[in-house]
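# Examining the three-dimensional arrangement
For reference, the chains in residue letters:
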Amino acid sequence: MAYLIALHALAATIWVGGLFFLIGILRPAASAVPLGERLPLLSIAVGRFFLWIWIAIITLLITGYAMIGLLGGMAAVPTYINVMQGLAWVMFLLYGHMFFSPWKRVRAALAAGALADAGRAMNQLRFFAAVSLALGLAVIAIASGGSYGLI
Ligand code: HEM
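Below, the structure is looked at part by part. (Residues numbered from 1 in each chain as written. Predicted model: local features only at pLDDT ≥ 70, side-chain atom pairs only at ≥ 80, totals over all residues. Heavy atoms only, no water.)

Turning next to the packing of aromatic side chains. Per the counting criterion, the structure on display carries eleven aromatic pairs. Summarising the aromatic geometry, the rings of Phe50 and Phe99 are spaced 6.0 Å apart at their centres and angled 45 degrees between planes, so their arrangement reads as tilted. Of this pair, Phe50 sits in helix H2 (residues 35-70) while Phe99 sits in helix H3 (residues 79-100), placing them 49 residues apart in sequence. The burial state of Phe50 is the same as that of Phe99; both residues are buried. Ring geometry for Trp54 against Tyr95: centres 4.9 Å apart, planes inclined by 75 degrees, an arrangement best described as edge-to-face. Residue Trp54 is located in helix H2, and its partner Tyr95 is located in helix H3; the two are separated by 41 residues in the primary sequence. Among the residues examined, Tyr95 registers a relative accessible area of 1% and is labelled buried. One aromatic cluster is present, built from ring pairs that chain together Phe50, Trp54, Tyr95, Phe99, Phe100 and Trp103. Directly above the ring of Phe99 sits Arg107, whose terminal nitrogen or CZ lies 5.9 Å from the centroid. (Phe/Tyr/Trp six-rings, centres within 6.5 Å; stacked < 30°, edge-to-face > 60°. Helix = DSSP H or I, 4+ residues; strand = E, 2+ residues; numbered from the N terminus. Buried < 20%, exposed > 50% of the residue type's maximum accessible area, 1.4 Å probe, protein only. Lys NZ or Arg CZ within 6 Å of the ring centre and 35° of its normal.)

Right, dumping it as structure tokens:
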């Protein structure tokens, strides 16, 4: 259980911390850079980060359900774990949508040199990333505060 929760918390940190950096730090810092340079830069950063999100999701799923097994199964775990699991699935689905829709369009538009289209798709990506960040922060608060009676 100790290794599982440690890995689980590390994966959550990488995912949610990465979202915070992207939305809260890199995007505003890059806004001073002209669009023609900003979009390729952001797209390289997002591409690298998305690989880590896949790794984080696989790790969260394996360790999360392994811990639920060790805790006596789905019916035996407290409500906050089920809330975490529910919100986690919303995050997973949102990420799937981001990866296969706006992110695919950003890459296609950049490859075709269509900066305005790439900018629009990047804005959609930013919106979904902001929603994911809010959910991720809520999940971490619920997961860590849950065992102390937060919810
Ligand atoms: C389907 C996916 C998930 C499952 C099944 C799951 C399950 C669990 C379980 C069973 C625990 C142990 C809780 C305890 O013993 O008190 C846990 C802890 C935790 N989970 Fe998840 N989880 C999932 C997704 C996530 C996601 C997406 C995040 C954050 C983005 C997250 C963040 C955390 C954190 C921070 C803890 C540590 C809580 C502590 O400090 O004790 N989990 N999770």
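Here H2 crosses H3 at 155 degrees, and the two axes come no closer than 12 Å. The angle between H2 and H3 places the two elements in the roughly antiparallel class. In terms of crossing hand, the pair formed by H2 and H3 is left-handed. Only Ile81, Gln85, Trp89, Phe92, Tyr95, Met98, Phe99 and Phe100 of H3 make contact with H2, whose side of the interface consists of Phe50, Ile53, Trp54, Ile57, Leu61, Tyr65 and Ile68. The class makeup of the residues in the contact of H2 with H3 is 14 nonpolar, one polar and no charged. (Axes fitted to C-alpha atoms, helices over the stretch in contact; angles between N-to-C directions. Parallel < 35°, antiparallel > 145°, perpendicular 65-115°, else oblique. Left-handed = near helix turned anticlockwise from the far one by under 90°. Contact = heavy atoms within 4.5 Å. Nonpolar A, V, L, I, M, F, W, Y, C, P; charged D, E, K, R; others polar.)

The interhelical angle for the contact between helix H4 (residues 102-111) and helix H5 (residues 115-146), taken along N-to-C directions, is 160 degrees, at an axis separation of 8 Å. By the angle class used here, H4 and H5 are roughly antiparallel. Considering only the axes of H4 and H5, their crossing is left-handed. Residues Pro102, Trp103, Arg105, Val106, Ala109 and Leu110 of H4 touch H5, and the partners they reach there are Leu115, Asp117, Ala118, Ala121, Met122, Gln124, Leu125 and Phe128. Considering only residue class, the contact of H4 with H5 consists of eleven nonpolar, one polar and two charged.

This part is about H3. Here H3 is 22 residues long and its end C-alpha atoms lie 32 Å apart, about the 32 Å a rise of 1.5 Å per residue gives. Here H3 has its buried residues at Tyr80, Ile81, Met84, Gln85, Ala88, Met91, Phe92, Leu94, Tyr95, Gly96, Met98 and Phe99. Buried residues along H3 sit in contact with helix H1 (2-30), H2, H4 and H5. (Expected span 1.5 Å × (residues − 1).)

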